[in-house]
Amino acid sequence: MTDTSGEEHAERFTLLRPLLFTIAYELLGSASEADDVLQDSYLRWARVDLDTVRDTRSYLARLVTRQVLNALRAGARRREEYVGPWLPEPLLLDEHDPSADVVLAESVSTAMLVVLETLSPEERAVFVLREVFGFGYDEIGSAVGKATATVRQVAHRARAHVQSRRRRFEPVDEAVSTRITTEFLAAAASGDVGRLMARLAPDVVWTADSDGKVVASRQPVRGAEKVARLMIGLLRGAGPSGRVEPASYNGGPAMVLYLGEHLEAVATLDIADGKITHFYVMRNPDKLANVWTPRTVGR
């Protein structure tokens with residue numbers, strides 16, 4: 001007699017993997033750590049008696065959330081000792097475009113992940129499970145180990161916190177964002193500060209994550225002229241072997257910087273009213289290791 005329970009475990013987990021990966025990535029801000037959590041969660045899931053599972057989606061979301069919270073607590077000191085701004089790992093999405101699902105698109109945007117980082121791990125988990133994935137307060141309480149009434153309070157507090165810190169999310173048409181990015185890169189290559197500033201919002205911000213491992217500003221750079229000069233200086237410093245190419249990460253426009261064939265940085269962009277409002281620049285080599293691996297997100 002063939003034992004099919006292992007196959008059923010695998011089928012159920014595979015079906016929900018895009019959702020589970022998205023939960024883990026949004027809570028951790030790291031695709032590589034999310035992969036580790038999913039691997040560990042699957043090993044635990046494979047030992048579960050399926051006859052005891054009433055709702056596979058809720059059960060696996062709870063399992064993954066608990067593993068994520070354990071990982072966040074274990075890495076708390078490392079986060080505290082981080083050098084300079086922290087940014088999430090750039091996420092290369094597969095051919096499935098999440099922009100048709102506005103909630104999903106916003107939830108994986110760099111801007112949202114940066115805001116979520118200002119929450120405590122429990123607040124972040126409650127917010128993501130409720131606002132992005134629509135889980136009930138009782139289900140979330142089971143995942144984070146808190147009473148339902150407490151979860152409601154945490155959800156209200158986290159929602160208010162996020163709403164006060166995020167800009168209104170406006171999906172940018174891919175053709176428009178590609179045009180704006182291409183025009184910006186052409187202006188940067190020309191070395192014309194004025195031409196470059198015309199593509200930037202007056203209060204544009206450049207935030208770089210390096211963890212002190214490569215040369216990068218450890219404080220955000222603000223203002224169109226400062227950011228324009230920084231970009232021109234970056235390209236000049238790269239010399240003839242340097243190049244910047246348009247790309248798409250975290251469901252939005254991005255730029256990729258090379259020195260020769262070596263990847264130096266991935267920058268995701270916020271665009272509003274036809275102007276670039278924020279550059280989120282990943283320079284940390286540890287967080288660039290997996291930027292070519294496409295991921296599937298879902299909810």
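Here, the structure is the one placed above.
Summarised in this report is the structure supplied together with it. (Residues numbered from 1 in each chain as written. Predicted model: local features only at pLDDT ≥ 70, side-chain atom pairs only at ≥ 80, totals over all residues. Heavy atoms only, no water.)

With respect to the layout of surface pockets
What counts here: The pocket and cavity definitions rest on a 1 Å grid over protein atoms only: a 1.4 Å probe that fits but cannot leave marks a cavity, an open set with protein on both sides within 12 Å along at least five of seven lines marks a pocket, and residues lining either have an atom within 4 Å of a point. Grid points are joined across faces, edges and corners, and a volume is the space filled by probe spheres set on the points. The helix count covers DSSP runs of H or I at least four residues long, the strand count covers runs of E at least two residues long, and both are numbered beginning at the N terminus. Each residue gets one of three labels, nonpolar for Ala, Val, Leu, Ile, Met, Phe, Trp, Tyr, Cys and Pro, charged for Asp, Glu, Lys and Arg, and polar for the others, Gly among them.
Within this model, the second largest pocket holds a volume of roughly 270 Å³. Taken together, the elements giving at least two residues each to the lining of the second largest pocket come down to α2 (31–45) and α4 (76–80). Per-class residue counts for the lining of the second largest pocket are three nonpolar, four polar and eight charged.

Description of empty space enclosed by the protein
Throughout the structure, instances matching the rule amount to three cavities of 30 Å³ or more. Lining the largest cavity are Leu87, Pro88, Glu89, Pro90, Thr110, Asn250, Val266, Thr268, Tyr280 and Met282. Elements that contribute at least two residues to the lining of the largest cavity include exactly β5 (262–272) and β6 (275–282). Residues that form the lining of the largest cavity fall into these classes: six nonpolar, three polar and one charged.

Here we look at the packing of aromatic side chains
Our working rule: Each Phe, Tyr or Trp ring (for Trp, its six-membered ring) is paired with any other whose centre lies within 6.5 Å, and the angle between the two planes then decides the class: stacked below 30 degrees, edge-to-face above 60, tilted in between. Three labels apply to residues, based on accessible area from a 1.4 Å probe with only protein chains included: buried if under 20% of the type maximum, exposed if over 50%, partly exposed otherwise in between.
Enumeration according to the criterion identifies five aromatic pairs in this entry. Ring geometry for Phe13 versus Tyr42: centroids 5.0 Å apart, planes at 75°, classification edge-to-face. Note that Phe13 is positioned in helix α1 (residues 5–28) and Tyr42 in helix α2, a separation of 29 residues in sequence. The class for Tyr42 is partly exposed, based on a relative accessible area of 27%. Between Phe184 and Phe279, the ring centres sit 5.2 Å apart and the planes meet at 45°, which makes this aromatic pair tilted. With a gap of 95 residues between them, Phe184 in helix α10 (residues 174–190) and Phe279 in strand β6 connect regions that are remote in the sequence.

Let's talk about the nonpolar core
Formally: What is meant by a nonpolar core is a set of buried Ala, Val, Leu, Ile, Met, Phe, Trp, Tyr and Cys residues, joined one to another through side-chain atoms within 4.5 Å. Any two residues whose heavy atoms approach within 4.5 Å at even a single point are treated as in contact.
Of all hydrophobic cores here, the largest spans 52 residues; its most connected members are Leu20, Phe21, Ile23, Trp45, Val64, Val68 and Leu116. Sorting the residues of this core by element identifies α1, α2, α3 (56–74), α6 (110–116), α7 (121–132), α8 (137–144) and α9 (148–165) as the ones contributing at least two each. The element contributing the most residues to this core is α1, with ten residues. Those residues within four positions of Phe21 in sequence are excluded, and the remaining contacts are Ala31, Ala34, Asp35, Leu38, Leu91, Arg295, Thr296 and Val297. Counting 28 residues, the second-largest nonpolar core is a separate cluster that includes Leu196, Leu200, Val227 and Ala228.

Observations concerning the pattern of salt bridges
Between side chains of opposite charge, a pair can form when the charged atoms approach closely. This is how it is decided: Salt bridges, as used here, are contacts in which a Lys or Arg side-chain nitrogen is within 4 Å of a carboxyl oxygen on Asp or Glu.
Using the criterion set out here, one finds 20 salt bridges in the structure. When the shortest N-O distance is used, the salt bridge between Asp40 and Arg44 registers 3.1 Å. Here Arg44 and Asp40 lie together in helix α2, a separation of four residues that amounts to about one turn. Measuring nitrogen to oxygen at the nearest pair gives 2.7 Å for the salt bridge that ties Arg159 to Glu131. Separated by 28 residues along the polypeptide, Arg159 in helix α9 and Glu131 in helix α7 bring together distant segments of the chain. Among the ionic contacts, a cluster of salt bridges with common partners joins Arg17, Asp35 and Arg295.

A look at unusual backbone geometry
Backbone geometry at Asp211 places phi at a positive 55°, although glycine is not the residue there. The phi torsion at Asn250 lies on the positive side, around 55°, for a residue other than glycine. For Asn250, the location among the structural elements is in the loop between β3 (242–249) and β4 (252–259).

Some details on the sheet that holds β3
Note the threshold: Pairs of strands are assigned from DSSP output, requiring at least two bridges between the strands. Note on method: axes are straight lines fitted to C-alpha atoms, helices fitted across the in-contact stretch only, with angles between N-to-C directions ranging 0 to 180 degrees.
Spatially, six strands are ordered β2-β1-β6-β5-β4-β3 in an open sheet, and the strand pairing comes out mixed. In this open sheet, the two edge strands, each paired with only one partner strand, are β2 (221–222) and β3. As defined by bridge partners, strand β1 (residues 200–209) adjoins β6 across six bridges and the pair is classed as parallel. Bridge assignment links Trp206 to a residue of β6, and that residue is Phe279. Contacts from α10 reach β1, β3, β4, β5 and β6, with the element oriented near 35° to β4.

So, α8
Test applied: Along the arc lie the directions from the helix axis toward the C-beta atoms.
Residues of α8 that are buried include every one of Tyr137, Ile140, Gly141, Ala143 and Val144, and no others. Taken down its axis, α8 places every buried residue within 160° of arc, on the same side. Lining the buried residues of α8 we find α3, α7 and α9. One or two steps after α8, the chain reaches Gly145, where phi turns positive at roughly 75°.

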